[in-house]
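The residues making up each chain are set out below.
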Amino acid sequence: MYGIVAVVLVLLVAGGLASRGWGERPASPADGDRPLYLALGDSLATGVGASDPAERGYVTLVHEDLRGKLECGRGTGSGCPDLGLVNLGVSGATTTTLLRDQVPEALEMLRARNRDGDSSNDVEVISVDIGGNDAFGVYPVCSEGVTPACIEAVRTMFASVSRNLATALSELREAAGPDTRTVVMTYYNALIGCDRSAAAPIAGVLLEGGVGVPAGLNDVIRSRATEVGAAVAETYGQLGAGDLVGGDDCLHPVDSGYRIIADAFAAALAS
């Protein structure tokens, strides 16, 4: 059951899954008297692979969409043109570092805004993409092959993702309150467009489950999101090879891919 998953993890890491250090952290401070969209995540949240990460990453695109469509609790039908953006995403983030570095800052912001009795400055939407880089943590153990130690590392990794994501989402939900929309992203199969495309079918098993693997990473993400009433932005199967950087980059989208991801968030928010 776990042997095939371990092989996939080695292939993914060799293909560039953990892209630490790419890009800048695009955090935009917002005025204290306007509503906010708050983003947490990994290198996808920072827009790595886009022609202009700060302008064409999915977080910026979602922000633009929300400004025209979100009502900010006012019910005026005029959208939310004053919606601010704070992007806490960090390239290379895992579920563990998300809990350590991003969630505390997010909780402080949520408690200050959503619990102050003034709805005009609330965090209205939270987006999260996390989990893909957790696979990098098993590479040192699995680099020598599918050993018993590797199999145990994979099992531990899945359990860690599940536990960390459940904690992060429940804490965010409690601090934000029931009126804030939270959306969590599933992962697409990026191997279809890179030098490791021969392993794409196996990567699909890792992400969505299959023969010998009853549940994949995306199933864990969906389950943890459902438990806290968060929506799910489904990206699996939505991006084609032309929507990805390709070559030795087996993770990141180009502009068209980020537009697809942004549309998946929009669909989840509209449901």
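Below you will find a few notes about this structure. Sequence order as written defines the numbering, with residues in each chain counted from 1. Under the rules for a predicted model, residues below a pLDDT of 70 receive no local features and side-chain atom pairs below 80 are neither given nor counted, while totals for whole chains, interfaces and linings still include all residues. No hydrogens and no water enter the side-chain calculation; it runs on all heavy atoms of the structure.

1. Looking at helix α8 (residues 200–208)
Whether a residue is buried, partly exposed or exposed follows from its accessible area with a 1.4 Å probe, protein chains only, as a fraction of its type maximum: under 20%, in between, or over 50%, in that order. Strands are runs of DSSP state E lasting at least 2 residues, helices are runs of H or I lasting at least 4, and numbering of each runs from the N terminus. Along α8, the positions that sit buried rather than exposed are Ala-200, Ala-203, Gly-204, Val-205, Leu-206 and Leu-207. Directly beyond the C-terminal end of α8, a positive phi value near 85° is found at Gly-209.

2. Things to note about the sheet that holds strand β5 (residues 231–233)
Taken in spatial order, the five strands of this open sheet run β2-β1-β3-β4-β5, and their pairing is parallel. Each of the sheet's edge strands pairs with one partner strand only, and the pair in question is β2 (84–87) and β5. When the angles between neighbouring strand axes are averaged without regard to direction, this sheet yields 20°. Pairing between two strands is assigned when DSSP locates at least 2 bridges connecting them. Comment: axis = line fitted to C-alpha atoms, over the contacting stretch for helices; angle = value between 0 and 180 degrees taken between N-to-C directions.

3. A closer look at helix α5 (residues 95–114)
With 20 residues, α5 should reach 28 Å at 1.5 Å per residue; the first-to-last C-alpha distance of 24 Å falls well below that figure. Across the chain, bend at a residue is computed as the angle between axes fitted to the seven residues ending at that point and the seven starting from it. At Gln-102, α5 shows its largest kink, close to 40°, and the proline Pro-104 lies no more than four residues downstream. Taken together, the buried positions of α5 are Thr-95, Leu-98, Gln-102, Val-103, Ala-106, Leu-107, Met-109, Leu-110, Arg-113 and Asn-114. To estimate how far a helix should extend, the number of its residues minus one is multiplied by 1.5 Å.

4. So, the pattern of salt bridges
Any Lys or Arg side-chain nitrogen found within 4 Å of a carboxyl oxygen on Asp or Glu counts as a salt bridge. All told, the structure shown has eight salt bridges when counted by the stated rule. Note that Arg-224 is salt-bridged to Glu-227, the shortest N-O span being 2.7 Å. With Arg-224 and Glu-227 both in helix α9 (residues 217–227) and three residues apart, the pair spans about one turn of that helix. What makes Glu-227 exposed here is its relative accessible area of 53%. Among the charged side chains, a network of salt bridges with common partners joins Glu-208, Asp-219, Arg-222 and Glu-234.

5. Observations concerning the layout of surface pockets
The distinction between a cavity and a pocket rests on a 1 Å grid over the protein atoms alone: a 1.4 Å probe fits inside a cavity but cannot get out, while a pocket stays open yet meets protein on both sides within 12 Å along at least five of seven lines, and a residue with an atom within 4 Å of a point counts as lining. Grid points are joined across faces, edges and corners, and a volume is the space filled by probe spheres set on the points. Size it by volume and the largest pocket reaches roughly 390 Å³. Lining of the largest pocket is provided by 23 residues; of these, Leu-70, Cys-72, Glu-124, Val-125 and Arg-181 occupy positions nearest its centre. Within the residue set of the lining of the largest pocket, elements represented by two or more residues are α4 (58–69), β3 (123–129) and α10 (255–270). Side-chain classes are defined by residue name, with Ala, Val, Leu, Ile, Met, Phe, Trp, Tyr, Cys and Pro counting as nonpolar, Asp, Glu, Lys and Arg as charged, and the others, Gly among them, as polar. Across the lining of the largest pocket, the residue classes tally to twelve nonpolar, five polar and six charged.

6. Side note on the state of the cysteines
We call a pair of cysteine sulfur atoms a disulfide whenever their separation is within 2.5 Å. One pass over the structure, following the stated rule, counts two disulfides. Across a sulfur-sulfur distance of 1.6 Å, Cys-72 and Cys-80 are joined as a disulfide pair. Handedness of the Cys-72-Cys-80 disulfide follows from its S-S torsion of about -105°: it is left-handed. Residue classification places Cys-72 among the buried positions, given a relative accessible area of 6%. Exposure remark for Cys-80: the relative accessible area of 1% places this residue in the buried category.

7. Side note on the nonpolar core
The set of buried Ala, Val, Leu, Ile, Met, Phe, Trp, Tyr and Cys residues whose side-chain atoms join them within 4.5 Å is what this entry labels a nonpolar core. Core analysis: the largest hydrophobic core is formed by 67 residues, its most contacted members being Tyr-37, Leu-38, Tyr-58 and Ile-126. Here this core takes ten residues from helix α7 (residues 148–176), the largest share from any one element. In this view, Ile-126 contacts Leu-38, Leu-40, Leu-110, Leu-172, Ala-176, Thr-180, Arg-181, Thr-182 and Val-183; residues no more than four positions away in its chain are not counted. Listed in part, the six residues of the second largest apolar core include Cys-194, Ala-199, Ala-203 and Cys-250. We call two residues in contact whenever any of their non-hydrogen atoms come within 4.5 Å of each other.

8. Considerations on the pairing of strand β4 (residues 181–185)
Counting buried positions along β4 yields four of five residues, so the element is predominantly enclosed. Pairing analysis gives three bridges linking β4 to β5, with the strands arranged parallel. Across the sheet, Met-185 pairs through a bridge with Ala-233, a residue of β5.

9. Considerations on the packing of aromatic side chains
When the centres of two rings from Phe, Tyr and Trp lie within 6.5 Å, Trp using its six-membered ring, the rings pair. Their planes under 30 degrees apart give stacked, over 60 give edge-to-face, and anything left gives tilted. Inspection of the entire model under this criterion finds one aromatic pair. Measuring from centroid to centroid gives 4.9 Å for Tyr-58 and Phe-265, while their planes differ by 5°, and the two rings are stacked. Taken as a pair, Tyr-58 in helix α4 and Phe-265 in helix α10 lie far apart in primary sequence, 207 residues in all. For the pair shown, Tyr-58 and Phe-265 are each scored as buried.

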